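So the chains spell out like this:
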Amino acid sequence: MDFVPDSNIAHDCLHTCGFSEYSRAYVITNEDLRYSLNFMPKEANRALTVVGSGDHPLFCSLFGARHVDTFDISYNAKCIMDIKVAALQSGLDLFDYEQMLYELFYCRDITGLKNIDKISKMLPAEEYKYLCDMKNVSLFHQGANPQLYARFLPNKQEYGELKDIVQKPYTFIKSDIKQIGSKLTQCYDFIHVSNIFDYVPRDESFDVLSSLLKLVKPNGRILVHNQMVRSGSLCHKIAETFDNWRHIKEKDNINILERIR
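About the criteria used
Residues numbered from 1 in each chain as written. Predicted model: local features only at pLDDT ≥ 70, side-chain atom pairs only at ≥ 80, totals over all residues. Heavy atoms only, no water. Buried < 20%, exposed > 50% of the residue type's maximum accessible area, 1.4 Å probe, protein only. Helix = DSSP H or I, 4+ residues; strand = E, 2+ residues; numbered from the N terminus. Arc of directions from axis to C-beta. Core = buried A, V, L, I, M, F, W, Y, C linked by side-chain atoms within 4.5 Å. Phe/Tyr/Trp six-rings, centres within 6.5 Å; stacked < 30°, edge-to-face > 60°. Pairing = 2+ DSSP bridges. Axes fitted to C-alpha atoms, helices over the stretch in contact; angles between N-to-C directions. Parallel < 35°, antiparallel > 145°, perpendicular 65-115°, else oblique. Left-handed = near helix turned anticlockwise from the far one by under 90°. Contact = heavy atoms within 4.5 Å. Nonpolar A, V, L, I, M, F, W, Y, C, P; charged D, E, K, R; others polar.

**A few points about helix α8 (residues 156-165)**
For α8, every residue scored as buried is listed here: Glu158, Tyr159 and Leu162. Projected down its long axis, α8 carries its buried residues within an arc of 100 degrees, all on one side. Opposite the buried face of α8, by more than 90 degrees, sit the exposed residues Lys156, Gln157 and Asp164.

**Some words on the nonpolar core**
Grouped together as the largest cluster of nonpolar side chains are 60 residues, with contacts concentrated most on Ile83, Tyr97, Met100, Leu104, Tyr130, Leu131 and Phe140. Those elements giving two or more residues to this core turn out to be α1 (7-13), α3 (55-62), α4 (75-89), α5 (94-106), α6 (116-120), α7 (125-133), α8 and β7 (254-259). In terms of nonpolar packing, the next biggest core, distinct from the first, is built from 28 residues, Leu48, Ile191, Leu234 and Leu257 among them.

**Brief notes about the packing of aromatic side chains**
Under the counting rule described, the total for this entry stands at ten aromatic pairs. Centroid distance Tyr22 to Tyr75: 6.4 Å. Interplanar angle 70 degrees. Geometry classified as edge-to-face. With Tyr22 in the loop between α1 and α2 (33-36) and Tyr75 in helix α4, this pair connects stretches of sequence that are 53 residues apart. A single burial state applies to Tyr22 and to Tyr75, both of which are buried.

**A word on the sheet that holds strand β1 (residues 46-50)**
Spatial strand order, β3-β2-β1-β4-β5-β7-β6: seven strands in an open sheet with mixed pairing. On the outer flanks of this sheet lie β3 (171-174) and β6 (245-251), each paired with one strand and no other. Sheet twist, expressed as the average angle between the axes of neighbouring strands with direction ignored, equals 15 degrees. As defined by bridge partners, β1 adjoins strand β2 (residues 67-72) across five bridges and the pair is classed as parallel. Each residue of the ladder has a partner; that of Thr49, found in β2, is Thr70.

**Side note on the packing of α4 against α7**
Orientation of α4 relative to α7, taken along the N-to-C sense of each, is 110 degrees, at an axis distance of 11 Å. Here α4 is positioned roughly perpendicular relative to α7, judged by the angle of their axes. As α4 runs across α7, the sense of the crossing is left-handed. The residues of α7 that touch α4, namely those facing Tyr75, Asn76, Lys78, Cys79, Asp82 and Ile83, are Glu127, Tyr130 and Leu131. In terms of residue class, the contact of α4 with α7 is made up of five nonpolar, one polar and three charged.

Okay, structure coming up:
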């Protein structure tokens, strides 16, 4: 990743509204990824997912994707993802992992985490320096208290599997949804676009989603998960416009586009 974090710019961004390259990150997903990732193709080799809270790439790996690339507009999303991977690599047990998330949600000083000595050794040096420089700012106080969504965390068996599966940090592309389609040449079996189109202007949604089609392999899928019913009509319009695509609607907030050839 060519992006170099700047704590001075980050302090300024965190005092503004809206999404930015330093927006506060979610410490835990508020989605049932066990349900939605059942729609990932069974033989998915490569997956692309928004980082979100870092849970999306972890569960993509858990559900069988052998290579996972990630993207997000916020550098802080990369940080929470890397912290979770570092916790796995450092051997934290599930209890300490869960406690770490509760600490991250409330803390303003990353250096004060209970297991920071273990975790910091696994983080990129420039990333840990940034986290230390931002120690008086809450970087992950976004969304709900993680205790409210603890059921969406890995369970004991899943956590043990992740320790074996996730051996290195995920590839990260710093990009918003509008630009990611032009930044990649690699094709994927599965693309997970989670709760993003809620924030794309309606008149731009079709072009933005269309830009991802070229990144999907035959028999691959794009999963659009958001809370607004218009995602269904958007996916339906894509399937009607482009050959070799079909729209699968499971629930109001989960829609799948499948490349049938």
